[in-house]
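A closer look at the structure
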Amino acid sequence: MVPRELTDAGPADKAEPPRRLLPNVAITLESPLLTAPAVVLILVGVFLPLGVLAIYSLWPTVDQEIVRQWTLENYQRFLLGGPYVIVLARSLLFAGLASAIAVIASFPFAYFVATKVPPDRRMIWVLIAVLPFFSSYLIRVLAWMMLLGDVGIINHALMNAGLIAEPLALFGRNTSGIVITFAYLLFPLTFLTSFITLERSNPTLVEASADLGARPWQSMTQVILPIARTGLLGGFIFSMITILGDYVTPRLIGGTQGYMYSTMIQMQFGASVQWGFGSTLALILIVLVFALLLILRWSTGGSASVGTFTRAFNPTPAPLLRAYSVLFLAFLYAPVALLFIVAVNARDSIGFPFVGFTLKWFSAAFGDGMMMRSLFNSLMVATVSVAISIVLGTVAAVQLSRSAGKLRQANLAILSLPLFLPPMLLGLGLIIGLNLLGIDRGMWTIIFGHTILSLPIVTLLVLMRLEGIDPNLELAAMDLGASPMWALILVTAPQALPGIVAAALITFAMSMDEFILTALVTGSDSTLPLYVFGQLRFRVSPAIAAISAVLLAASFLMILIGAFSFNAGRKRGNGSAGTVPTAP
């Protein structure tokens, strides 16, 4: 006969597994295996190619072929060649000048939005200011060419007024055109970095300094600027990194005088076919980028001591600041508005005067077979790369939101690295890695490159949404019998949906407009930005302005929907209670 105590233990033993289900769920959702696919993708797509880049820098190029012989010849050529160091120094000067102009010009506007605009209205101002940053910079360069070019609106107006007899070289092939263009392209970035830190400023500190006898300029230099130091320096350094990795704008604007360090690197992998020396130049740029990031980290290490985050604002009227802000936005959007005007101008070439309204250029754009094939390729690349990024990034964000410690920090550092490297360096690393493996480039390499760019953005946006969600909802679902996967799908995913939607729309718009990396990793396939670039180098048809206007409007719409989706989800609260599903 079985003892009674053993018989009584049976039901208790059978009831035990459901109580052990909760820790199993926590272990499953916190498993590093969820982050592994995204981390491996970045390791393979970024770290490994950059390692190959470092190896190539130690191999010479003979008769346009890499010779696998270890040498420092490439580095000696850089140091002793004369022009290379001079071009690097010149590029740093240009980058520093354009970055400084962008930071200084955008600071008053950032100060106005952060301190004079009520908190419930700031999101609108911020969105208006940063929207151009997410549009194609090729389109913005085209808009500036139409504004300041020989047949642009400014020269046309001055000549009609009889003030000049021939067009001014406002946007000619000179160095000033490069600086002006870069400063304009960077305004949204420098505004955003300054605004983020200025929101920490407490208006009462300025009032207190005034009560103590400080003049306005003294309050600015001794109170506001120390608080904004991180944003100002961050905007300056990130702007420099952006400029140093751009080889397209100097070529379009500067002609032969636009010969900067980035264009010199690109030429080594193009017409010169000097991959070993090109790898050396690229590796020097990578070291320079990380040096700038270290300077930023070192110089802003004590920024936390200047104050805590506050959404307070100073209601005191500031008519001069408001007027400057309105003019700043007008300047920011003037080239964009001009693009739409040119797209409906009946004139047979891009320029002025405005001779009549027409939609024929839109018909011509959508009737151009090559343009439509390029548009289809762009849509396919964006759809596939964003889909991959959403899946891998969301799964990684789920794990990262539940983990802590050094492993989490290491994974975040790996996944965030593509955000800090110019796309040119990522593209060069990819083509060198493919060359070493003997793999041909094609549409898949474009998709892979765009996934590398999109994955960090998706991961971080979804992570921002997931952090703070009440984990007890998942545990309750599991206690009711839902499997870990169903708890994730039915409980976590709906709460993370605003972040997922925002990430998908933003990365889709960015993928549609990406050019620098695409031009490096493509094979014979063309995307729409590649097609537009080819047209910009020769005679530009108004049909390019028409299709650019359509893409710009679509990008703006996607960014707006994504931003408002994310903000609406945040307002609803991360830990709001909801219905806990039972197991399907």
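This one's a predicted model, so the numbers in the text were calculated from it and none came from an experiment.

Structural notes on the overall build of the protein
- Broken down by element type, the protein carries 24 helices and two strands.
- Per-residue burial over the protein gives 51% buried out of 584 residues.
- The long-range fraction of contacts in the protein, counting pairs at least 24 apart against all pairs at least 6 apart in sequence, stands at 79%.

Examining the packing of aromatic side chains
- One pass over the full model with this rule turns up 16 aromatic pairs.
- Where F109 meets W125, the ring centres are 6.3 Å apart and the plane angle is 45°; that geometry is what we call tilted. With F109 in helix α4 (residues 83-115) and W125 in helix α5 (residues 119-130), the pair connects residues that are 16 residues apart, well separated along the chain. When sorted by exposure, F109 lands in the same class as W125, which is buried.
- Seen from their ring centres, Y184 and F331 are 5.8 Å apart, and the 85° between their planes marks the pair as edge-to-face. Within this pair, whereas Y184 is found in helix α8 (residues 175-198), its partner F331 is found in helix α14 (residues 319-343), the two being separated by 147 residues in sequence.
- On the basis of relative accessible area, Y184 is assigned to the buried category, the value being 2%.
- Pairwise contacts between aromatic rings join F109, F112, W125, Y184, F187, F191, F195, Y324, F328 and F331 into one cluster.
- Its guanidinium or amino end placed over the ring of F277, R77 lies 3.9 Å from that ring's centre, counting from NZ or CZ.

A word on a nonpolar patch on the surface
- A surface patch of nonpolar side chains, about 420 Å² in accessible area, is lined by V40, L43, V44, F47 and L48.
- Checked against the element boundaries, F47 lands in helix α2 (residues 36-56).

A few points about helix α17 (residues 406-420)
- Over its 15 residues, α17 extends 21 Å from the first C-alpha to the last, a length consistent with the 21 Å expected when each residue adds 1.5 Å.
- Roughly 30° is the biggest bend found in α17, and it falls at I414, with proline P418 one to four residues downstream.
- Among all positions of α17, only R408, N411, L412, I414, L415, S416, L417 and P418 are buried.
- Close packing links the buried residues of α17 with α2, α13 (275-299), α16 (369-400), α18 (423-437) and α19 (443-466).

Things to note about the nonpolar core
- Counting residues in each nonpolar core, the largest one holds 157 residues, and the members touching the most others are F191, V248, Y261, I265 and M424.
- Among the elements that take part in this core, α4 stands out by supplying 16 residues, more than any other.
- Setting aside residues up to four positions removed in sequence, I265 forms contacts with G278, L281, A282, L285, M424 and L428.
- In this structure, L473, M478, A487 and V491 belong to the second largest nonpolar core, which totals six residues.

Here's the deal with the packing of α16 against helix α23 (residues 528-536)
- Look at α16 against α23: their axes get within 7 Å of each other, and the N-to-C directions meet at 140°. Classed by the angle they form, the pair α16 and α23 counts as oblique. Side by side, α16 and α23 meet where M370, M371, S374, L375 and S378 of the first sit next to L528, P529 and Y531 of the second.

A look at the environment of E73
- Within the secondary structure layout, E73 lies in helix α3 (residues 73-80).
- Along the sequence, E73 and W59 sit 14 residues apart, while their C-alpha atoms lie 8.1 Å from each other.

Things to note about the confidence of the model for the protein
- With 78% of its residues at a pLDDT of 70 or more, the protein shows a mean pLDDT of 78.
- Within the model, pLDDT remains below 50 along residues 302-309, and this stretch shows 12 contacts once partners closer than five positions in the same chain are excluded.

Comments concerning α19
- With 24 residues, α19 should reach 34 Å at 1.5 Å per residue; the first-to-last C-alpha distance of 33 Å fits that figure.
- The largest bend in α19 is about 30°, located at S454, with the proline P456 one to four residues further on.

Observations concerning the environment of L379
- Relative to the helices and strands, L379 is located in helix α16.
- Since its relative accessible area comes to 35%, L379 is described here as partly exposed.
- Sequence separation between L379 and A509 is 130 residues, and the spatial gap between their C-alpha atoms is 9.9 Å.

Focus on the packing of α4 against α5
- At a closest axis distance of 9 Å, the pairing of α4 and α5 adopts a crossing angle of 155°. As far as their axial angle goes, α5 and α4 are roughly antiparallel. Both α4 and α5 take part in a crossing whose hand is left-handed. For the pair formed by α4 and α5, the contact residues are F109, F112, V113 and A114 on the first element and R122, W125, V126 and A129 on the second.
- Its residues assigned to classes, the contact of α4 with α5 shows seven nonpolar, no polar and one charged.

Overview of the environment of A396
- Counting through the fold element by element, A396 comes out in helix α16.
- Distance in space between the C-alpha atoms of A396 and L34 is 5.6 Å, their sequence separation being 362 residues.
- Apart from the residues within four sequence positions on either side, A396 is in contact with L34, T35, A38, L415 and T459.

Here we look at the side chain of T518
- Among the structural elements, T518 can be located in helix α22 (residues 516-521).
- The class of T518 is buried, set by a relative accessible area of 0%.
- Among the polar contacts listed, one links the side chain of T518 to the backbone oxygen of E514, at a separation of 3.2 Å.
- When neighbours within four sequence positions are excluded, T518 is seen to be in contact with I446, H450, T527 and L530.

Quick notes on the rules
- Residues numbered from 1 in each chain as written.
- Predicted model: local features only at pLDDT ≥ 70, side-chain atom pairs only at ≥ 80, totals over all residues.
- Heavy atoms only, no water.
- Helix = DSSP H or I, 4+ residues; strand = E, 2+ residues; numbered from the N terminus.
- Buried < 20%, exposed > 50% of the residue type's maximum accessible area, 1.4 Å probe, protein only.
- Contact = heavy atoms within 4.5 Å.
- Phe/Tyr/Trp six-rings, centres within 6.5 Å; stacked < 30°, edge-to-face > 60°.
- Lys NZ or Arg CZ within 6 Å of the ring centre and 35° of its normal.
- Patch = residues over 30% accessible without salt bridge, like charges linked within 9 Å, V, L, I, M, F, W, Y side chains within 5 Å.
- Areas by Shrake-Rupley, 256 points an atom, 1.4 Å probe, with all protein chains shown as cover.
- Salt bridge = Lys/Arg side-chain N within 4 Å of Asp/Glu carboxyl O.
- Expected span 1.5 Å × (residues − 1).
- Bend = angle between axes of the 7 residues up to and from the residue.
- Core = buried A, V, L, I, M, F, W, Y, C linked by side-chain atoms within 4.5 Å.
- Axes fitted to C-alpha atoms, helices over the stretch in contact; angles between N-to-C directions.
- Parallel < 35°, antiparallel > 145°, perpendicular 65-115°, else oblique.
- pLDDT = per-residue confidence, 0-100.
- Left-handed = near helix turned anticlockwise from the far one by under 90°.
- Nonpolar A, V, L, I, M, F, W, Y, C, P; charged D, E, K, R; others polar.
- Polar contact = N/O pair within 3.5 Å; in protein donor to acceptor, adjacent residues only side chain to side chain.

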